[in-house]
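A look at the structure
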Amino acid sequence: MTIAEQIRLIAENARMASHEMARLSSGAKNDLLLAMAAALETGSEGLIVENRKDLDAGTAKGLSAAMLDRLMLDDSRIKGMADALREVATLPDPVGEVTKMWKRPNGLMVGKMRIPLGVVGIVYEARPNVTADAAALCLKAGNAVILRGGSESIHSNRAIAAILQGEMRKAGIAEAALAVIPFIDREGVLEMLRQEEWIDLIIPRGGESLIRFVVEHSKIPVIKHYKGVCHLFVDASANFEMAEKIVVNAKTQRPGVCNALETLLIHRDAAAGFIPRISSTLGSLNVELRGDTAFRTLAPEAKEATEQDWREEFLDLILACRVVDTIDAAIDHINMYGSLHTEAIVTSDYSNAQRFIREVNSSCVLVNASTRFADGNQLGLGAEIGISTTKLHSFGPMGLEDLTTTKFIVYGDGQVRI
């Protein structure tokens, strides 16, 4: 069989298996996830052997130390994967939930019920733990899932999937509900993205280039976020100690992630008091500052910001800084340069906080808190499948509920339409 024929068969089988997953009870799904978690820990020695193949190949290819670290599995990380599956098992099952119900004048009771999406395709890079995490979330939501990980983690991904599929066989559940594309060449991805008859949704997880590639070639709806150009606005009424703490956390805790702070906006009335303070603190933490003229007047060590800096996702210890005259100017800047990911305001003014929440239309908007909280686990979703900066069908960190859709349900007692 050709690659195209094999991937079509994988997708067809996943569609058939998705019907079985949709019928599984919450208890059966939870038992499956718990069994998978235990099996990962039991099989840790074999997983580490397979992971070593990926690490050796990555070293030979000259992958960076950071990339090799993301690839690496040890007993602690395997336990982390297992614990994540156990956590998903404890989450409320969204399938079958009736979200609202109303009565029509003719007596009909109309409602909306959550149902699985069907077949979800995940295209991802590097981290082998995504194989287990994505499988757990999709299966708990009653879906089948097709996984296509990066070539750099192919041995690890196959080994993890094989353990999970083994528990599905033991439970009498079709293992086609958890499929792994076995091909590492790009043709495998392209064929997967053409299976619109069988796959309902594609979720890419990785860098901007991967996501743009998927969007460009997919015939299937794609959940995407290209970048996280996250802003924080220090209002005139901000508590400087609070603002400093939040800025430092948002920029420096993990600068290479999508919810890290990239642009700092400061109200002109707060500039003289806050800019020398924050520039000194960030300088001691090796953060490179790039500012407009007003900012550099108070922080002369800062480099001059360019127009591109306002649009940049640095993913590094670099921060673009601008002084604005009003909250309106801050909101206008965010609306012009933002990526609909995450924005924050530090303020003691309730009306300004409410305005910021109403008028900034990014997927996560925070008041007096770090942008680093834009994460499914941190927001109480238990786990996330990714972050969406598209408004259909989900916006922001995606949890179990976002792996379902709703259908209308109607109860009558003999009504006919006149």
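This section reports on the structure supplied with the text. (Residues numbered from 1 in each chain as written. Predicted model: local features only at pLDDT ≥ 70, side-chain atom pairs only at ≥ 80, totals over all residues. Heavy atoms only, no water.)

**Considerations on the packing of helix H2 (residues 26–42) against helix H6 (residues 129–140)**
- Put simply, H2 and H6 touch, their axes get as near as 10 Å, and they point 165° apart. In terms of axis orientation, H2 runs roughly antiparallel to H6. Between H2 and H6 the crossing geometry is right-handed. Contacts between H2 and H6 involve Lys29, Asn30, Leu33, Met36 and Leu40 from the former and Ala132, Ala136, Leu139 and Lys140 from the latter.
- Across the contact of H2 with H6, the residue classes tally to 6 nonpolar, 1 polar and 2 charged. (Axes fitted to C-alpha atoms, helices over the stretch in contact; angles between N-to-C directions. Helix = DSSP H or I, 4+ residues; strand = E, 2+ residues; numbered from the N terminus. Parallel < 35°, antiparallel > 145°, perpendicular 65-115°, else oblique. Left-handed = near helix turned anticlockwise from the far one by under 90°. Contact = heavy atoms within 4.5 Å. Nonpolar A, V, L, I, M, F, W, Y, C, P; charged D, E, K, R; others polar.)

**Re the packing of aromatic side chains**
- Within this structure, the stated rule accounts for 2 aromatic pairs.
- With a centroid separation of 6.5 Å and an interplanar angle of 85°, the aromatic rings of Trp102 and Phe408 are classed as edge-to-face. Placement of the pair is Trp102 in strand E1 (residues 98–103) and Phe408 in strand E16 (residues 404–411), with a sequence separation of 306 residues.
- Given a relative accessible area of 55%, Phe408 falls into the exposed group.
- Ring geometry for Phe240 and Phe274: centres 5.4 Å apart, planes at 50°, overall tilted. Taken together, the positions of Phe240 in helix H10 (residues 240–252) and Phe274 in helix H11 (residues 268–284) put the pair 34 residues apart, joining distant regions of the chain.
- Taking relative accessible area as the criterion, Phe274 reaches 0% and is therefore assigned buried.
- Directly above the aromatic system of Tyr226 lies the positively charged group of Arg212, at a separation of 3.7 Å from the ring centroid.
- Looking at Arg322, its charged tip hangs above the ring of Trp310, at a distance of 4.3 Å from the centre. (Phe/Tyr/Trp six-rings, centres within 6.5 Å; stacked < 30°, edge-to-face > 60°. Buried < 20%, exposed > 50% of the residue type's maximum accessible area, 1.4 Å probe, protein only. Lys NZ or Arg CZ within 6 Å of the ring centre and 35° of its normal.)

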